[in-house]
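Chain by chain, the residues run as shown.
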Amino acid sequence: SGAAPDRWRVSGKETTPEAIAERVATAPMFGGGTLAVVTEPGPLLRSKAGKEAVEKLIATVAPGNALVFVEIGDGRKRSAALVGLEASVKKAGGSSRAHTAPKAHELAGWVTEQVARPLGLEPIAPAWGGHFLGSAYCAAKQSNDSRDHA
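Colleague: Honestly, the nonpolar core in this entry has me stumped. Any pointers?
Modeller: Looking at soluble globular proteins, one finds that nonpolar side chains tend to be buried together. Ile20, Val38, Val54, Ile58, Leu67, Phe69 and Leu85 are the most contacted members of the largest nonpolar core, which has 17 residues in total. Put simply, the parts of the chain that give this core at least two residues each are β1 (6–11), α1 (17–24), β2 (34–39), α2 (48–59), β3 (65–72) and α3 (80–91). Core analysis: the next-biggest nonpolar cluster, separate from the first, contains 5 residues, Val37, Ala66, Val68 and Val70 among them.

As structure tokens, this is what we get:
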């Protein structure tokens, strides 16, 4: 439709898979859809039931919507639950990528590189700008095709 998406950002400790599904499971009839960004999704994955609910949620992202999980880390080993979340996103046709904070001696080059490139989640959500600074790991699923939604 060309309209900008509604952006919704929430912490994993402040939401549930059901609340997230309310935002992304219905395809937009009018407007630009919904971009849901869940930061620190770990609390959603603490139980087996939670992990299963999140995996089911990922499969429900409707055409025109996108779901992004952002994990802030310190570069140490990631938990098995978060590695499993990444695998679930990829299995559903999504993608993931790591963004690391530059070291002090790399900062000038990093700033120059960021200024030179357009902001955005290019392959994830081209028209829905998103830019993550600092150490973060992003896993996202965007549904553009009705075949993605069963």
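Colleague: Hey, could you run me through the pairing of β1 in this one?
Modeller: Taken residue by residue, a regular strand's side chains alternate between the two faces of the sheet. Note: β1 against β2, 6 bridges, orientation parallel. Bridging across to β2, arginine 9 finds its partner in valine 37.

Colleague: Got a minute to help me understand the environment of threonine 100 in this structure?
Modeller: Within the element layout of this structure, threonine 100 appears in the loop between β4 (95–99) and α4 (107–116). When the C-alpha atoms of threonine 100 and glycine 73 are compared, they prove to be 8.9 Å apart, with 27 residues separating the residues in sequence.

Colleague: In this structure, what is going on with the confidence of the model for the chain? I would like to understand it.
Modeller: Low pLDDT marks stretches whose predicted atomic positions should not be read closely. Mean pLDDT for the chain: 78, with 76% of residues reaching 70 or above. Element-level pLDDT for the chain is lowest in strand β5 (residues 136–143), with a mean of 57, against a maximum mean of 95 in α1. Low pLDDT, under 50, characterises residues 119–136; the stretch is placed with 46 contacts to residues that sit more than four places away or in other chains. With pLDDT under 50 throughout, residues 146–150 is counted as low confidence; its partners more than four residues away or in other chains account for 11 contacts.

Colleague: Can you help me understand the environment of alanine 101 in this one?
Modeller: Here alanine 101 is to be found in the loop between β4 and α4. Taking the C-alpha atoms as reference points, alanine 101 and aspartate 74, 27 residues apart in sequence, are found 9.4 Å from one another.

Colleague: I tried to follow the packing of α2 against α3 on my own but got confused; where do I start?
Modeller: How two helices sit against one another is set out by the angle between their axes and by the gap between those axes. Between α2 and α3, the least distance of the axes is 9 Å, while the angle of their chain directions is 25°. Taken as axis vectors, α2 and α3 run roughly parallel relative to one another. Considering the relative orientation of α2 and α3, their crossing is right-handed. For the pair α2 and α3, contact is made by Lys51, Val54, Glu55 and Ile58 and by Ala81, Leu85, Ser88, Val89 and Lys91, respectively.

Colleague: So what exactly am I meant to see when it comes to the packing of α1 against α2 here?
Modeller: Direction vectors running N to C along α1 and α2 enclose 5°, while the axes themselves pass 9 Å from each other. The angle between the axes of α1 and α2 places the two elements in the roughly parallel class. Counted together, Pro17, Glu18, Ile20, Ala21 and Val24 of α1 and Ala53, Val54 and Leu57 of α2 form the full contact between these two elements. In terms of residue class, the contact of α1 with α2 is built from 7 nonpolar, no polar and 1 charged.

About the cut-offs
- Residues numbered from 1 in each chain as written.
- Predicted model: local features only at pLDDT ≥ 70, side-chain atom pairs only at ≥ 80, totals over all residues.
- Heavy atoms only, no water.
- Core = buried A, V, L, I, M, F, W, Y, C linked by side-chain atoms within 4.5 Å.
- Buried < 20%, exposed > 50% of the residue type's maximum accessible area, 1.4 Å probe, protein only.
- Helix = DSSP H or I, 4+ residues; strand = E, 2+ residues; numbered from the N terminus.
- Pairing = 2+ DSSP bridges.
- pLDDT = per-residue confidence, 0-100.
- Contact = heavy atoms within 4.5 Å.
- Axes fitted to C-alpha atoms, helices over the stretch in contact; angles between N-to-C directions.
- Parallel < 35°, antiparallel > 145°, perpendicular 65-115°, else oblique.
- Left-handed = near helix turned anticlockwise from the far one by under 90°.
- Nonpolar A, V, L, I, M, F, W, Y, C, P; charged D, E, K, R; others polar.

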